[in-house]
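Given next are the chains, with one letter for each unit.
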Amino acid sequence: FKTKNESFQYIKDKFLSDDVVGIAVVGSTANGKIKNFSDIDIVVFNKKPLKPYYELCLIRDKLVLITVYFYDFGNKIKLPQNGKIIYGNYYSQIEHKNNLNYNKNERIKRDNQMFIDGLFKFLRSKDRKYIEWIEKYSRF
């Protein structure tokens with residue numbers, strides 16, 4: 001992507017469906033600058049339970065992790081200060097029933113997602129506390 005907003009449009013196009021009532025970017029990248037190893041945290045409010053989705057991309061020449069979490073929607077609430085709506089409204093987050101339960105294949109995928117998430121946090125911050133996280137989810 002050439003710009004952060006171009007990546008937001010991609011996210012909106014990729015996840016917008018009939019059952020989606022809101023898509024928001026939450027966290028420092030919503031309004032801040034993209035840096036190497038930034039992560040774009042996306043919240044999708046929908047009716048259908050979906051497991052977390054992760055994707056790597058380049059924005060300009062920076063490696064970025066897109067993380068998407070899906071929630072059923074509760075009451076419409078005020079967007080957090082570090083947020084940006086890219087579709088619809090922002091709601092209280094309600095976990096989809098049984099969405100945190102993973103079968104064996106889903107667990108492997110989820111562990112790999114958590115490994116990448118921890119690796120990006122470490123590379124961005126250089127904080128050694130993330131080494132334990134990375135080791136916990138590594139599969140070497």
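Each remark here, short or long, concerns the structure printed above.
Per chain, residues are indexed from 1 in the order of the written sequence. Under the rules for a predicted model, residues below a pLDDT of 70 receive no local features and side-chain atom pairs below 80 are neither given nor counted, while totals for whole chains, interfaces and linings still include all residues. Side-chain metrics in this entry use all non-hydrogen atoms of the structure; hydrogen atoms and water are not considered.

A look at the environment of Tyr130
Elements are defined by DSSP. Helices are runs of H or I of four residues or more, strands are runs of E of two residues or more, and each kind is numbered from the N terminus. Inspection of the secondary structure puts Tyr130 in helix 4 (residues 129–137). Residues Tyr130 and Leu119, 11 residues apart in the sequence, show an inter-C-alpha distance of 7.4 Å. Contacts are assigned to residue pairs that have any heavy atoms within 4.5 Å of one another. If near-sequence neighbours (up to four positions away) are discounted, Tyr130 is found in contact with Gly118, Lys121, Phe122 and Ser125.

As for the side chain of Arg110
Note that Arg110 resides in helix 3 (residues 104–125). For every residue, the accessible area (1.4 Å probe, protein chains only) is compared with the maximum for its type, and the residue is labelled buried under 20%, exposed over 50%, or partly exposed between those bounds. Charged residues are defined here as Lys and Arg on the positive side and Asp and Glu on the negative side; His and the ends of the chain fall outside this count. Any carboxyl oxygen of Asp or Glu within 4 Å of a side-chain nitrogen of Lys or Arg constitutes a salt bridge here. Despite being buried, Arg110 has no salt bridge partner; Asp117 is the closest side chain of opposite charge, sitting 6.2 Å away. Excluding residues that lie within four positions of it along the chain, Arg110 makes contacts with Pro52, Tyr54, Tyr69 and Tyr102.

Some thoughts on the pairing of strand 3 (residues 53–59)
Where strand 3 meets strand 4 (residues 62–76), seven bridges bridge the pair, whose relative direction is antiparallel. Looking across to strand 4, one finds that Leu56 is bridged to Leu65. Two strands qualify as a pair provided DSSP detects at least 2 bridges between them. Hairpin connection, strand 3 to strand 4: the antiparallel pair is bridged by two residues, and Arg60 has positive phi, about 55°.

Structural notes on the packing of helix 3 against helix 4
At their nearest, the axes of helix 3 and helix 4 sit 8 Å apart, and the two run at 160° to each other. By the angle class used here, helix 3 and helix 4 are roughly antiparallel. For the pair helix 3 and helix 4, the sense of crossing is left-handed. The residues of helix 4 that touch helix 3, namely those facing Asp111, Met114, Phe115, Asp117, Gly118, Leu119, Lys121, Phe122 and Ser125, are Tyr130, Ile131, Trp133, Ile134 and Tyr137. In the contact of helix 3 with helix 4, the residues fall into nine nonpolar, two polar and three charged. Only the contacting stretch of a helix is used when fitting its axis, a line to C-alpha atoms as for every element, and angles between N-to-C directions run 0 to 180 degrees. Note on terminology: angles under 35 degrees are roughly parallel, angles over 145 are roughly antiparallel, angles of 65 to 115 are roughly perpendicular, and the others are oblique. Helix crossings are classified by the rotation of the near helix relative to the far one: an anticlockwise turn of less than a right angle makes the crossing left-handed, while a clockwise turn makes it right-handed. Under the grouping applied here, Gly and all other residues not named as nonpolar or charged are polar, the nonpolar ones being Ala, Val, Leu, Ile, Met, Phe, Trp, Tyr, Cys and Pro and the charged ones Asp, Glu, Lys and Arg.

As for the packing of aromatic side chains
Whether two aromatic rings pair depends on their centres lying within 6.5 Å, for rings of Phe, Tyr and Trp, where Trp uses its six-membered ring; planes under 30 degrees apart make the pair stacked, over 60 edge-to-face, and the rest tilted. One pass over the full model with this rule turns up nine aromatic pairs. Here the aromatic rings of Phe37 and Phe120 are separated by 5.5 Å at their centres, their planes lie at 85°, and the arrangement is edge-to-face. With a gap of 83 residues between them, Phe37 in the loop between helix 2 (28–31) and strand 2 (38–46) and Phe120 in helix 3 connect regions that are remote in the sequence. Assigned by exposure class, Phe37 and Phe120 land together as buried. Plain terms: the ring middles of Phe73 and Tyr91 are 5.4 Å apart, the flat faces sit at 55° to each other, and that makes the pair tilted.

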